[in-house]
Amino acid sequence: MRLGSIIVFIAFCSLTAYYIYEPIPEEIEERWKLMLTNSFFKTLSHLADFSELLGLKDYMGVMYIITLAENVVPVSDKHVKVTEERFDGVELVLYQPQQRAGDTDLRRAVIYLHGGGWCLGSSRMSPYDLLARKLVTDLNAVVLSVEYRLAPAHPFPVAFEDVYRVVKHFLRKSVLAQYSVDPECIAISGDSAGGNLAAAVSQQLQKEPGQQVRLKAQALIYPVLQALDLNTPSYQQNQDMPILPRTLMVRFWSQYFTSDKALFRAMMTNTHNSPESSNLLKFVNWSTLLPEAYHGKYNYTAPAVAQSQPDGKTLSFADPRASPLLVPDAALRSLPKAYILTCEYDVLRDDGIMYVTRLRAAGVDVTHEHYDGGFHGALMFTQWPADFLIARRMTENYVRWIKENL
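Cut-offs and rules
- Residues numbered from 1 in each chain as written.
- Predicted model: local features only at pLDDT ≥ 70, side-chain atom pairs only at ≥ 80, totals over all residues.
- Heavy atoms only, no water.
- Salt bridge = Lys/Arg side-chain N within 4 Å of Asp/Glu carboxyl O.
- Helix = DSSP H or I, 4+ residues; strand = E, 2+ residues; numbered from the N terminus.
- Buried < 20%, exposed > 50% of the residue type's maximum accessible area, 1.4 Å probe, protein only.
- Pairing = 2+ DSSP bridges.
- Right-handed = clockwise from strand over helix to strand, strands pointing away.
- Axes fitted to C-alpha atoms, helices over the stretch in contact; angles between N-to-C directions.
- Contact = heavy atoms within 4.5 Å.

1. Concerning the pattern of salt bridges
Tallied over the full model, the rule gives 23 salt bridges. Here Lys168 and Glu208 are joined by a salt bridge, their closest N and O atoms 3.7 Å apart. Here Glu208 lies in the loop between helix H8 (193–206) and strand S6 (217–221) and Lys168 lies in helix H6 (residues 158–170), a separation of 40 residues in the sequence. For Lys168, a relative accessible area of 28% corresponds to the partly exposed category. A salt bridge links Asp329 to Arg358, with the shortest nitrogen-to-oxygen separation between them at 2.7 Å. Pair noted here: Asp329 is in the loop between helix H13 (286–289) and strand S7 (337–345) and Arg358 is in helix H14 (residues 349–361), with a separation of 29 residues, a long-range link. For Asp329, a relative accessible area of 41% puts it in the partly exposed group. Each of Glu84, Arg86, Glu91, Arg124 and Glu147 takes part in one network of salt bridges that share partners.

2. A word on the pairing of strand S5 (residues 181–191)
For S5, the tally of buried residues reaches 9 of 11 residues, placing the bulk of the element in the interior. In the sheet, strand S3 (residues 107–113) pairs with S5 via 6 bridges, with the strands oriented parallel. Paired with Ile111 across the two strands is Ile188, which belongs to S5. Where S5 and S6 come together, 5 bridges link them in parallel fashion. The residue of S6 that forms the bridge with Asp191 is Ile221. In this region the chain leaves S5, passes through H8 and returns to the parallel neighbour S6; the handedness of that crossover is right-handed.

3. Thoughts on the sheet that holds S6
Overall, mixed pairing links the 8 strands, which are arranged S1-S2-S4-S3-S5-S6-S7-S8 in an open sheet. Of all the strands in the sheet, just strand S1 (80–87) and strand S8 (366–375) have a single pairing partner and so form its edges. Strand-to-strand, the axes of this sheet are offset by a mean angle of 20°, without reference to chain direction. Bridge count for S3 against strand S4 (residues 141–146) is 6 bridges, and the pairing is parallel. Among the inter-strand pairings, Tyr112 is bridged to a residue of S4, identified as Ser145. Across the sheet, H14 touches S6, S7 and S8, and the angle it forms with S7 is around 145°.

4. Some thoughts on the pairing of S3
The buried fraction of S3 is high, at 7 of 7 residues. The side-chain alternation of S3 yields two buried faces, one formed by Arg107, Ala109, Ile111 and Leu113 and the other by Arg108, Val110 and Tyr112. As a crossover connection, the stretch from S3 through helix H5 (residues 126–139) into S4 is right-handed.

This is how it looks when you write it as structure tokens:
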């Protein structure tokens, strides 16, 4: 009986170790902590797949547990005044420095857009709440954390339109005066899908001929910027990396546009381009836009072009509001200075680096910060038990850049 118990125990430990362990490059710090953290995400993903298979709840509905688990009620403290507002009908959390007697100086402002693949995430999640408070206290800034609506219930372009309405409302001179914001010191920023929205809004705002107040800076943290080629070297190299494997990123992309699984299957095989979108592939040709060091062992092959025309929703991935990397060079020249953070072990690495290349070629002032041991989502892991040293370094460097450039 004792021998049987020992065998069962050893088998259980072996299976647990097999489930948790995964090969992680040595360049990544705190690898075991990342393995354990990722085992939670992996388990939830498996449960989400199983739930969808049984028809109980769709995949993103189950994955939304991550958002709910991190949600907090944003409250004021002695340094930061926090209120929940609506700008042009869109929810947001507004963070301001507590007013001091005799303080009449104008402040910086940061419009922040959370990540989560357009399907998950919230401005009310604890990591975003902490980041907003740090921006307020370190920069004496007003921070708008936008609660844009999520796919698949609200597919593209709803998230973009929500954010754009907030930005347009906030940049009115009367609104800036209400919050004591300097019109010359406003930045837009976001991580992952939030970086996508920040880049797209920055581009769209340049097209507004009557726009009097302009953004001074854009800070994009491991942004997702194009949906035409989902087989870049970073997508291939990092297809099984923790936190954001290729399958999940492709699922986010497809769900952003439609719940039709046909698009997901086409995107997984990189055969989703139409003759219309194929004309834009030159803007994401990594063989010319990526420095040689990032090519690795991979050779460029142009994505296949499907002859049958997809429906209007699936064509959205060729819309620059969804894929900011697809705008022509002329549309980049007037953009504000940029900070772009990329991570080596991230499927989205090449999106960010290609944007750096194109922005610099267009004459835009770009600071590119690349983390050789970085992984997707790292900036948000600042709290026990999933607190990573790299997250603190990223945060300090990011806040320092905004302080020096805004």
